[in-house]
2 protein chains.
Amino acid sequence: MGSDVAILAGDLALVLADDLFASSGFKDDAFERGLGAYSRMRQEVIAGQFLDVTNAARSEIDESEAARVAMLKSGRYSIVEPVLIGASLGGAADEMLDGLERFAAPLGEAFQLRDDLIGTFGDPAATGKSVESDIRQGKKHVLFAKALAKLEDSDRAHLLKLWGEPEIDERGVAAVRKLIESSGARAACEELIARLLTQSLEELTQLDVPEDARAGLADLARRAVERVA
Amino acid sequence: MGSDVAILAGDLALVLADDLFASSGFKDDAFERGLGAYSRMRQEVIAGQFLDVTNAARSEIDESEAARVAMLKSGRYSIVEPVLIGASLGGAADEMLDGLERFAAPLGEAFQLRDDLIGTFGDPAATGKSVESDIRQGKKHVLFAKALAKLEDSDRAHLLKLWGEPEIDERGVAAVRKLIESSGARAACEELIARLLTQSLEELTQLDVPEDARAGLADLARRAVERVA
């Protein structure tokens, strides 16, 4: 019964979110365009969650596939579409929307990479995210895919054995961290995040917006990918 | 993984239904009013399903509570709100909507009563509905509530024991049917359906609609509550 009620609670949240959107007071073209982005976002996140669930049942994954799932289930949902929804409701023209998407897309990717790192190396007391959940569930995210691509022989087999192990203990988690660290995947993710942030901030300089808006967006960009662990 | 994917498929269906509604081409006041009924319907059916799930865990229920759940999860979802959505999109005025609601509400109640009867007495080959599912799940519907109120002593205890028994066999189902039949609850439900249909058709005579529309609605009313078992 508990899971039945949880499903209904999720459905109700989805329905009430729609009602809030519909009763937001926005009208006409701005509303239509905002609704389009909102609707697209919902389909993307469902597709991304579907791939995330089905990929968890696979043992391996390559980085490009992991990156595609991350973009759908997290990057576009958490960053890109919210930016486009807000801008659409605010009446932004197509050119502005395109520029904002170029600004937001690298951030969306970096946001999920940060989440991968927190899920494996973060301090749960600081992050609120259980360290083991990604590992226990065998999430096939980019950090894992990078490590898998870099490790060889017994190290690779060891990571594959521990990743997705429901009963993993503290020693197992420590071993996973060491393998990912030694593979260079952690450092590669940090470098990629820094590069994506730079790319995003460069796109921001191209946007035709007032300086205080640009400063606000730059601040949001840094906060979206900053270290919390 | 199967149930995770099923939940996502349900979410996707909900989202795509919204998109169809939003892209239906209706505009302005008619669209807003139709959307209001659509949105109310979704909240009602979730509330009704929630009560249905939680009531299944109770052993007893009184008829008024069972009727309220039936109206939320089925009557308004299957009959009343679809009528009001269609009429709203067609530009019906408040007075017409009120009249249509008086026409549709008794039908919604009768529709669910018919469903209760089919779930207990119907032929699955004809109805497509498993006879045992309501019994196995211990659905606390109006037919069950009526039988429980009418039975006494050992018969009452017997029905309570069988209703919601997950492992019930054919003999058990036959015993449930006999108990409900002998209690008079089956006949009482048939009488109530007939009375509700009459009430609905009387309301229909009061509606200011063309005669062919009235005939069409009367036909739909009869089909909604007709015997298929």
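Just above, that's the structure.
Residues numbered from 1 in each chain as written. Chains lettered and ligands numbered in written order. Predicted model: local features only at pLDDT ≥ 70, side-chain atom pairs only at ≥ 80, totals over all residues. Heavy atoms only, no water.

Draft legend 1. Expanded view of a negative patch on the surface. The grouping of Asp28, Asp29 and Glu32 of chain A together with Asp28, Asp29 and Glu32 of chain B at the surface amounts to a negative patch. Of all the elements in the fold, those that place two or more residues in the negative patch are helix H2 (28-56) of chain A together with helix H2 (28-56) of chain B. In this structure, Glu32 of chain B sits in helix H2. (Patch = residues over 30% accessible without salt bridge, like charges linked within 9 Å, V, L, I, M, F, W, Y side chains within 5 Å. Areas by Shrake-Rupley, 256 points an atom, 1.4 Å probe, with all protein chains shown as cover. Salt bridge = Lys/Arg side-chain N within 4 Å of Asp/Glu carboxyl O. Lys, Arg positive; Asp, Glu negative; His and termini not counted. Charge placed at Lys NZ, Arg CZ, Asp CG, Glu CD. Helix = DSSP H or I, 4+ residues; strand = E, 2+ residues; numbered from the N terminus.)

Draft legend 2. Summary view of the pattern of salt bridges. Counted by the stated rule, this structure contains 34 salt bridges over all chains. Note that Arg68 of chain A is salt-bridged to Glu65 of chain A, the shortest N-O span being 3.5 Å. Pair noted here: Arg68 of chain A and Glu65 of chain A are both in helix H3 (residues 63-89), with a separation of three residues, about one helical turn. Glu65 of chain A gets classed as buried once you look at its relative accessible area, which sits at 18%. In this structure, Glu60 of chain B and Arg156 of chain B form a salt bridge, with 2.9 Å as the shortest nitrogen-oxygen distance. A residue pair is termed long-range when its members are at least 10 positions apart, and Glu60 of chain B in the loop between H2 and helix H3 (63-89) and Arg156 of chain B in helix H8 (residues 153-162) qualify at 96 residues. (Buried < 20%, exposed > 50% of the residue type's maximum accessible area, 1.4 Å probe, protein only.)

Draft legend 3. View of the relation of the copies chain A and chain B. Turning chain A through 180° and shifting it by 0.0 Å along the axis lays it on chain B, with an RMSD of 0.0 Å. Between the two chains, the operation in question is that of a two-fold axis. Counting the interface residues of chain A, we find that 100% of their copies in chain B are interface residues as well, pointing to one common contact surface. (Least-squares fit on C-alpha atoms with pLDDT ≥ 70 in both. Contact = heavy atoms within 4.5 Å.)

Draft legend 4. Spotlight on the interface of chain A and chain B. Facing the 25 residues of chain A at the interface are 25 residues of chain B. Between chain A and chain B the total buried area reaches about 2100 Å² when both faces are included, carbon and sulfur atoms providing 75% of it. At the junction of chain A with chain B, the criterion picks out two salt bridges. Across the pair Arg42 of chain B and Asp18 of chain A runs a salt bridge, and its minimum N-O distance is 2.9 Å. At the boundary of chain A and chain B, one finds six residue pairs in polar contact (both at pLDDT 80 or more). Counting only elements with at least two residues in the side of chain A that touches chain B, the list comes to helix H1 (2-22) and H2 of chain A. Tallying contributions element by element places H1 of chain A first for the side of chain A that touches chain B, with twelve residues. (Buried area = accessible area lost by both parts, 1.4 Å probe. Polar contact = N/O pair within 3.5 Å; in protein donor to acceptor, adjacent residues only side chain to side chain.)

Draft legend 5. Focus on the side chain of Lys146 of chain B. All names here are of chain B. Here Lys146 lies in helix H7 (residues 142-150). On the basis of relative accessibility, which here comes to 10%, the residue Lys146 falls in the buried class. Not counting the four nearest positions on each side in its chain, Lys146 is found in contact with Glu63, Ala185, Ala188, Cys189 and Leu192.

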